[in-house]
Amino acid sequence: MKTIRVVAAVIKTIDEKGNIQFFVTQRGYGEFKDKWEFPGGKIEDGETAEEALKREILEELDMKISVGDRIKTVEYDYPTFHLSMDCFICEIEEGTPILKEHEAARWLDKSSLTSVEWLPADIEIVQILQR
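Rules of the game
- Residues numbered from 1 in each chain as written.
- Predicted model: local features only at pLDDT ≥ 70, side-chain atom pairs only at ≥ 80, totals over all residues.
- Heavy atoms only, no water.
- UniProt positions renumbered as here; feature names shortened; annotations may be inferred.
- Core = buried A, V, L, I, M, F, W, Y, C linked by side-chain atoms within 4.5 Å.
- Buried < 20%, exposed > 50% of the residue type's maximum accessible area, 1.4 Å probe, protein only.
- Helix = DSSP H or I, 4+ residues; strand = E, 2+ residues; numbered from the N terminus.
- Contact = heavy atoms within 4.5 Å.
- Polar contact = N/O pair within 3.5 Å; in protein donor to acceptor, adjacent residues only side chain to side chain.
- Expected span 1.5 Å × (residues − 1).

- The name an unreviewed UniProt entry assigns to the chain is 8-oxo-dGTP diphosphatase, from the organism Catonella morbi ATCC 51271.
- The record in UniProt for the chain states the following under Cofactor (unreviewed entry): "Mg(2+)".

The following block contains the structure:
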């Protein structure tokens with residue numbers, strides 16, 4: 001089975017009440033259209049995971065981010081490929097999200113993370129964040 005290596009940004013901020021909020025996006029294309037995910041994309045040859053994440057977020061959301069600690073590398077078998085997804089905590093350095101590839105986006109706190117329908121590979125990260 002083919003393996004696809006990707007990165008995902010768990011972009012967090014603190015709202016005016018002091019609550020942690022996470023930025024999530026709704027896919028606007030492909031087999032998983034309308035499902036929710038943490039934004040990111042494929043790692044290109046010669047890139048580190050952190051470099052790929054910064055590039056993908058700039059391309060998809062027109063924002064510069066700082067990449068923090070790796071949360072986890074999720075390994076997930078979809079029917080036609082294996083996904084290896086490096087997930088990192090990130091913060092916005094510059095800009096506000098401009099959706100170029102996604103249908104919608106939301107800021108969700110821990111208690112509302114399950115209010116959207118997630119891509120299967122992202123569910124493990126959601127569960128980690130809820131702890």
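So, next bit.
1. Remarks on the nonpolar core
- Of all hydrophobic cores here, the largest spans 24 residues; its most connected members are F38, L83, M85 and W118.
- At the level of elements, β1 (3-14), β2 (20-27), β6 (82-94) and α2 (123-130) are the ones that each hand at least two residues to this core.
- A total of four residues in this core trace back to one element, the largest contributor, which is β1.
- Contact partners of L83, with chain neighbours within four places excluded, come to I4, V6, V74, E75, Y76, Y78 and A121.
- If you look at the next biggest cluster of nonpolar residues, it comprises 14 residues, including A9, I43, I57 and C90.

2. Brief notes about the side chain of R27
- Locating R27 in the fold gives a position in strand β2.
- Taking the relative accessible area as the measure of exposure, R27 reaches 16% and is therefore buried.
- There is a polar contact of 3.5 Å between the side chain of R27 and the side chain of Y29.
- Engagement of the side chain of R27 in a polar contact is seen with the side chain of E37, the distance being 3.2 Å.
- Excluding anything up to four places from it in sequence, R27 contacts F32, K33, D34, K35, E37, H102, E103 and L119.

3. Some points on the UniProt feature "domain: Nudix hydrolase" (unreviewed entry) in the chain
- The residues that UniProt annotates with the feature "domain: Nudix hydrolase" (unreviewed entry) are residues 4-131.
- Secondary structure within residues 4-131 divides into 16% helix and 45% strand; the distance between the first and last C-alpha atoms comes to 28 Å.

4. Details of helix α1 (residues 49-61)
- Between its first and last C-alpha, α1 extends 18 Å over 13 residues, near the 18 Å set by a 1.5 Å rise per residue.
- All of the buried residues along α1 are A49, A52, L53, R55, E56, I57, E60 and L61.
- Residues of α1 that are buried make contact with β1, β2, β4 (40-42), β5 (64-77), β6 and β7 (102-108).
- Phi turns positive, to about 55 degrees, at D62, one or two residues after α1.

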